[in-house]
Each structure stands twice: as C-alpha cells, then as structure tokens.
Amino acid sequence: MNLVPIENKNAILEDPFFTQEVEGVVKNIAGKVATKYGEDLCGSYLVISGLAQILKFMDPRGKTVLDLGCGTINSFYNNSEFRTFEPWLARALHEYGANAVGVDLGSLSSEEFRGYSLDLRDPKALDFLADGSVDAACAFSLFDSPTANGTGYKMAQSQKGREYMDELMTGGPTLFQTLVPQLKRVLKPGAPFIYESLGIR
Ligand SMILES: C[S@@+](CC[C@H](N)C(=O)[O-])C[C@H]1O[C@@H](n2cnc3c(N)ncnc32)[C@H](O)[C@@H]1O
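Calculation notes
- Residues numbered from 1 in each chain as written.
- Predicted model: local features only at pLDDT ≥ 70, side-chain atom pairs only at ≥ 80, totals over all residues.
- Buried ≥ 20, exposed ≤ 12 C-beta atoms within 10 Å, placed from the backbone.
- Helix = DSSP H or I, 4+ residues; strand = E, 2+ residues; numbered from the N terminus.
- Pairing = 2+ DSSP bridges.
- Expected span 1.5 Å × (residues − 1).
- Contact = placed C-beta atoms within 7 Å.
- Near = placed C-beta within 6 Å.
- Nonpolar A, V, L, I, M, F, W, Y, C, P; charged D, E, K, R; others polar.

Let us now look at the pairing of strand 5 (residues 136-139). Residue alternation in strand 5 divides its side chains into two sets, Ala136 and Cys138 and Ala137 and Ala139, and both sets are buried. Two strands pair when backbone bridges link them, and strand 2 (residues 64-68) and strand 5 are joined in this way by three bridges, in the parallel orientation. The residue of strand 5 that forms the bridge with Asp67 is Cys138.

Okay, here's the thing in structure tokens:
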C-alpha cells in the first residue's frame, strides 16, 4: 500500500499534472454526472478535484476503486439547494468506467455503483473485499468534518444528528488506525490509498 495523505484538495488544480488534457477529461465526466444527477456546483467541484487526485496515480477505467465515506443521499447535510455530500466521486468513477465501490453509513441502494452501507469503525468492515482485489482506495472528508470545525452547522438538520456526526468524526485518527490494516490486505501491492488528512499519518 502506498499511503497518500492530501492536505489540500484544491492543490491538485495548481499541480503541473493538471494539464488542459486532464482538465478536459474530468470536466467532461463532471458534466455527464451533472446531467444525470442534476446540476450541483459542489458536486461538480468534488468530481473534478477527486477524479484528478486518482488520475494522478492511475487510469481508473476497468479498475476497482474503493471510496470510503463516499457520501450518501441520506446525509443530514444534504438538502435540495446544497447537495455536497452525495456520492459524487463514486458516481463519477462509475461513469468513467471504473468498478467503483462506495462505502458509507447512509443508504447507497439507489446508486449505480457497488455501494455498501456499513460502519467503517468496525474492524471487520472491509471483510467483504477479497485480498489484493482493490487497485486504489480513497477517503475524502472522512477523517475530518464540517461539524467538527464548526462550519457545518447551517447544514445540520437536527441537534441529535449533529452530535452523532461529531462523535464519529472526532474519532478520525482511531478510524484511520482501524482502516490501515484492512486496506493493506485488500489493496494490491503498492496501490495508493489517497486520503484527505488533518495531519493523520
Ligand atoms: C463529509 S462527508 C464526505 C463525502 C464525500 N467523500 C466527499 O468528499 O464529499 C463524510 C461521509 O462519511 C460518512 N461516514 C462518516 N463516518 C462513517 C463511518 N463510521 N462509516 C461509514 N461512513 C461514514 C458520512 O455518512 C458521510 O457521507
């Protein structure tokens, strides 16, 4: 496994890797996803930056890409105006031709990609994946949270929901430690685990 911590998701857009050609590819997929699931500015941004992070390491077409905490239409952050945490990247990977596998606490039953609704804090959460079966894994905005830093309150719909999410997210380092041995097992040798980190290594 190749651990790839990302400190700033936006930085990829300034990276020399992000050529006009790459930009064209990711914007094309973002456009297709927007047409299919409805235009959403945040969604488009997440597709563009997330897909670019993965393309920097590999062409995901035909490859198994695992998106941890992929997002869900059930998130209490989502509403009709601001659909930030729907599973945009997993949808985009699927649209691009990857074998996208998304995992989230919330429901993924209406999605076209392979979705599993489960709690990643369970040390056996990834048991459904065979050894060495995954080409790349990613986790964007899983180990930190808008509610944890106080900027997400507008989106939270209930005090109960907010407290539950705070409890989940302040466990970021523990969740990371729970996931690493499982990812070592399921990822192919040298395959990247690209994750947005708040200093977690
Ligand atoms: C902030 S959203 C990020 C969604 C998406 N990855 C993105 O970058 O937009 C975090 C997601 O992680 C999920 N999540 C949080 N804790 C989880 C856990 N213990 N197990 C599975 N999913 C979890 C939440 O349900 C939510 O959909």
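Having seen the structure, we can now continue with the description.
What follows concerns helix 2 (residues 41-55). Taking 1.5 Å per residue as the helical rise, helix 2 with its 15 residues ought to reach 21 Å, and the 21 Å between its terminal C-alpha atoms agrees with that figure. Considered for burial, the residues of helix 2 that qualify are Gly43, Leu46, Val47, Ile48, Ser49, Gly50, Leu51, Gln53 and Ile54. Buried residues belonging to helix 2 abut strand 1 (2-6), helix 1 (20-37), strand 2, helix 3 (88-96), strand 5 and strand 6 (192-196).

Quick look at the site of the ligand now. Neighbouring the ligand are 19 residues; Gly69, Gly71, Leu120, Phe140 and Ser141 lie closest to it. For the shell around the ligand, the per-class residue count stands at nine nonpolar, seven polar and three charged.

Further remarks concern the environment of Ile6. Locating Ile6 in the fold gives a position in strand 1. For Ile6, a count of 17 C-beta atoms within 10 Å translates into the label partly exposed. Put simply, Ile6 and Glu196 are 190 residues apart on the chain and 4.7 Å apart in space, counted from C-alpha to C-alpha. Residues contacting Ile6, with those up to four places away along its chain left out, are Gln53, Ile194, Tyr195, Glu196 and Ser197.

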